[in-house]
Amino acid sequence: ADNHDIISLKLYQGGVERTPEEEKRDREVFLPVGGDLKLPGMEAPLEPMRGGALFLIVFFSLVAIVFAIGGGIILYNKWQEQSRKHFY
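Summarised in this report is the structure supplied together with it. (Residues numbered from 1 in each chain as written. Predicted model: local features only at pLDDT ≥ 70, side-chain atom pairs only at ≥ 80, totals over all residues. Heavy atoms only, no water.)

Some details on the overall build of the chain
In terms of helices and strands, the chain carries two helices and zero strands. Looking at the 88 residues of the chain, the share that counts as buried comes to 2%. Accessible area for the chain stands at about 9,500 Å²; split by element, carbon and sulfur atoms hold 62% of it. (Helix = DSSP H or I, 4+ residues; strand = E, 2+ residues; numbered from the N terminus. Buried < 20%, exposed > 50% of the residue type's maximum accessible area, 1.4 Å probe, protein only. Areas by Shrake-Rupley, 256 points an atom, 1.4 Å probe, with all protein chains shown as cover.)

Next up, the structure:
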């Protein structure tokens, strides 16, 4: 058996209409604030990729697709050769 501590509880009442002022007040009251605390949905937005990084991702993706198509064609041709009937 493990021991667990209950640190906090969030309780919500469903079906209650609230004004934007009440929502803001409740958010300020109920969201804990801490030094390094990161809450779900409160992450910083991702920075857009720079041109060089985007170019490399697209370039290597295209190279991988070309190799996959080439390998598929080679495997298909080998399979065709194996499946032919030889009567001699």
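Next comes the rest of the account.
Thoughts on a nonpolar patch on the surface
Side chains of Met49, Leu54, Ile57, Val58, Leu62, Ile65, Ile69 and Ile73 sit close together on the surface and give an oily, nonpolar patch of about 750 Å² of accessible area. Residue classification places Ile69 among the exposed residues on the basis of a relative accessible area of 52%. (Patch = residues over 30% accessible without salt bridge, like charges linked within 9 Å, V, L, I, M, F, W, Y side chains within 5 Å. Salt bridge = Lys/Arg side-chain N within 4 Å of Asp/Glu carboxyl O.)

A look at the packing of aromatic side chains
Under the counting rule described, the total for this entry stands at three aromatic pairs. Measuring from ring centre to ring centre gives 6.0 Å for Phe55 and Phe59, while their planes differ by 20 degrees; the resulting arrangement is stacked. Placement of the pair is Phe55 and Phe59 together in helix α2 (residues 51-83), with a separation of four residues, close to one helical turn. Residue classification places Phe59 among the partly exposed residues on the basis of a relative accessible area of 40%. Between Tyr76 and Trp79, the ring centres sit 6.0 Å apart and the planes meet at 40 degrees, which makes this aromatic pair tilted. One end of the pair, Tyr76, and the other, Trp79, are both in helix α2, three residues apart, so they sit about a helical turn from each other. (Phe/Tyr/Trp six-rings, centres within 6.5 Å; stacked < 30°, edge-to-face > 60°.)

These values are about where atoms sit, not about what they do.
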